[in-house]
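# Observations on the model geometry
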Amino acid sequence: MKLFQHVSDIGDLRKALDEAFEIKADRYKYQHLGKNKTAMLIFFNNSLRTRLSTQKAALNLGMNVIVLDVNQGAWKLETERGVIMESDKSEHLLEAIPVMGSYCDLIGVRSFARFESRTDDYEEKILNQFIKYSGRPVFFMESATVHPLQAFADLITIEEYKDKTLIEPNPLFGGNALRRTPNKRPKVVLSWAPHPKALPQAVPNSFAEWMNAANVDFVITHPEGYELDPLFAGAAHVEYDQMKAFENADFIYAKNWSCPGVTRPNDYGKLLGDYHDYASWTVSDRQMAVTNNAFFMHCLPVRRNMIVTDQVIEAPTSLVIPEAANREISATVVLKRMLQSL
Ligand code: AN0
Ligand code: CP
């Protein structure tokens, strides 16, 4: 695998899941693959999980790891070609990228949507330059439009829990929970939830893309105006009534995202209205009550009592911690496949 951006890059999902569970059972099994190989992780934005889990994945594979926070210690980077560089930006991405590539074998990049131009964001202007000029396999660690390491970890988590009748005590919050109907094709609901700041669409885009490719019944619910790009949402059923969407759901995946600019092009990257007016969209026991005793998922970081109530995120049916733990597994599969293709 030379590129990890879309669900299609991973190929057959059943095979990818089998590989994930093989690695989860013995995460050092492929330690020999990374000997004298270096993974470079480039962060243009903050991260806790991606930073730690991807480093751990590289270590599982016996690799060396170099991490760079571009905004802390490196030169400020110009990203536009043709500008006269008289601002505070001392270096151009067109030199920085091949230089970074010269020190490593694989390169991972986090660079969020900037919300300055929908075209620039949706054309993946930054990541495409890494693909073109680094000379290395590139894996996306949340770009302007996608977060595939997250979506793969989410799929692994759904696969692990969809048939569970008895959940082990939640490592963080304890307790057991009984599921009512195992062995069915799970109903998975992606629900928009309120947030005080405009957030990217990368997480919901990738989640939708991966769920559309997976063996699940997938429903998206959000207020009008937040329609995801059809490139990712595909033919997924959109239900504007959140309570109706939640009926009989097996998994609730909450996330905020800003206006994707599909039905409202002038509002791309914005919050539509005052978030206080959307308080009823916060995932609480009220909505969870109409589900099939659904599991709760969120990629984290999450704002409590904004996206989800304390009660729901602390319930035995909350999967946020095992879901985050599976980030190590998705990253190990991806880096392993990239090492095998060097
Ligand atoms: C980011 C987002 O919503 O895309 C990262 C999530 C993994 N979240 C924030 O910036 C709070
Ligand atoms: N879920 C996720 O990608 O978290 P970080 O932003 O902390 O990496």
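In this text, all values refer to a predicted model and were calculated from it rather than measured experimentally.

### Let's talk about the overall build of the chain
The number of helices and strands found in the chain is 12 helices and 12 strands. Relative to the globule expectation of 20 Å for 342 residues, the C-alpha radius of gyration of the chain, 20 Å, shows essentially globular dimensions. In terms of principal-axis extent, the alpha carbons of the chain reach across some 55 × 50 × 35 Å. Across the chain, contacts joining residues at least 24 apart in sequence account for 76% of those joining residues at least 6 apart. Of the accessible surface of the chain, which amounts to about 14500 Å², a share of 51% is contributed by carbon and sulfur atoms. Computed over 38 positive and 42 negative side-chain charges, the separation of the two mean positions in the chain equals 4 Å.

### Looking at the site of ligand 2
All residues in the neighbourhood of ligand 2 are listed as Ser47, Leu48, Arg49, Thr50, Arg110, His147, Gln150, Cys299, Leu300 and Arg327. Between ligand 2 and His147, the relevant distance is 2.8 Å, taken from an oxygen atom to a side-chain nitrogen or oxygen of the residue. For ligand 2, an oxygen atom lies 3.0 Å from a polar atom in the side chain of Arg327. When ligand 2 is considered free in solution it has 250 Å² of accessible area, and contact with the protein chains removes 94% of it. Each residue belonging to the shell around ligand 2 can be placed in one class, and the counts come to three nonpolar, four polar and three charged. Summarising the domain contributions, the shell around ligand 2 has at least three residues from each of domain 1 (3-146 + 327-340) and domain 2 (150-324).

### Quick word on the site of ligand 1
Contacts to ligand 1 come from Phe112, Glu142, Leu199, Pro200, Lys255, Cys299 and Leu300. Here an oxygen atom of ligand 1 and a side-chain polar atom of Glu142 are 2.6 Å apart. Measuring from an oxygen atom of ligand 1, one finds a side-chain N or O atom of Lys255 at 2.7 Å. Looking at the shell around ligand 1 residue by residue, the classes come out as five nonpolar, no polar and two charged.

### Regarding the packing of helix 2 (residues 49-60) against helix 12 (residues 320-340)
It is at 8 Å that the axes of helix 2 and helix 12 come closest, and there the two elements cross at 50°. The orientation of helix 2 with respect to helix 12, classified from their angle, is oblique. Relative to helix 12, the crossing made by helix 2 is right-handed. For the pair helix 2 and helix 12, contact is made by Arg49, Thr50, Ser53, Thr54, Lys56, Ala57, Ala58 and Asn60 and by Ala324, Arg327, Glu328, Ala331, Thr332 and Leu335, respectively. Among the residues forming the contact of helix 2 with helix 12, the class breakdown is five nonpolar, five polar and four charged.

### Some words on helix 3 (residues 93-102)
Listed in full, the buried residues belonging to helix 3 are Leu93, Ala96, Ile97, Met100 and Gly101. End-on, the buried residues of helix 3 take up no more than an arc of 130°, which puts them together on one face. Turning to helix 3, the residues buried within the fold contact strand 2 (38-43), strand 3 (64-69), strand 4 (77-78), strand 5 (91-92), strand 6 (106-110) and helix 5 (125-133).

### Observations concerning the sheet that holds strand 10 (residues 237-238)
Where strands meet in a sheet, backbone hydrogen bonds hold them as pairs that are either parallel or antiparallel. In space, the five strands of this open sheet follow the order 10-9-8-11-12, with parallel pairing throughout. Each end of this open sheet is capped by a strand with a single partner; those strands are strand 10 and strand 12 (295-297). As paired strands, strand 8 (residues 187-192) and strand 9 (residues 217-221) are joined by five bridges and run parallel to one another. Paired with Lys187 across the strands is Asp217, a residue of strand 9. Along the sheet, helix 7 (residues 202-213) contacts strand 8, strand 9 and strand 11 (251-255); its crossing angle with strand 9, the most-contacted strand, is approximately 155°.

### Overview of the domain arrangement of the chain
Domain boundaries in the chain define domain 1 (3-146 + 327-340) and domain 2 (150-324). Taken together, the contact between domain 1 and domain 2 spans 31 residues of the former and 32 residues of the latter. With both chains or domains summed, domain 1 and domain 2 bury close to 2500 Å², and 65% of this area falls on carbon and sulfur atoms. Across the domain 1-domain 2 interface, the total number found is three salt bridges. One salt bridge in this structure joins Arg14 and Glu159, with 2.9 Å as the shortest N-O distance. Inspection of the region where domain 1 meets domain 2 yields 13 residue pairs in polar contact (both at pLDDT 80 or more). In the side of domain 1 that touches domain 2, the residues fall into 17 nonpolar, six polar and eight charged.

### Considering a nonpolar patch on the surface
Together, Ile66, Val99 and Tyr103 give the surface a local cluster of nonpolar side chains, amounting to about 280 Å² of exposed area. Tracing the backbone shows Val99 in helix 3. On the accessibility criterion, Val99 (38% relative accessible area) is partly exposed.

Conventions adopted
Residues numbered from 1 in each chain as written. Chains lettered and ligands numbered in written order. Predicted model: local features only at pLDDT ≥ 70, side-chain atom pairs only at ≥ 80, totals over all residues. Heavy atoms only, no water. Helix = DSSP H or I, 4+ residues; strand = E, 2+ residues; numbered from the N terminus. Rg over C-alpha atoms; globule rule 2.2 N^0.38 Å. Contact = heavy atoms within 4.5 Å. Areas by Shrake-Rupley, 256 points an atom, 1.4 Å probe, with all protein chains shown as cover. Lys, Arg positive; Asp, Glu negative; His and termini not counted. Charge placed at Lys NZ, Arg CZ, Asp CG, Glu CD. Near = heavy atom within 4 Å. Polar contact = N/O pair within 3.5 Å; in protein donor to acceptor, adjacent residues only side chain to side chain. Nonpolar A, V, L, I, M, F, W, Y, C, P; charged D, E, K, R; others polar. Domains from an automatic or database assignment. Axes fitted to C-alpha atoms, helices over the stretch in contact; angles between N-to-C directions. Parallel < 35°, antiparallel > 145°, perpendicular 65-115°, else oblique. Left-handed = near helix turned anticlockwise from the far one by under 90°. Buried < 20%, exposed > 50% of the residue type's maximum accessible area, 1.4 Å probe, protein only. Arc of directions from axis to C-beta. Pairing = 2+ DSSP bridges. Buried area = accessible area lost by both parts, 1.4 Å probe. Salt bridge = Lys/Arg side-chain N within 4 Å of Asp/Glu carboxyl O. Patch = residues over 30% accessible without salt bridge, like charges linked within 9 Å, V, L, I, M, F, W, Y side chains within 5 Å.

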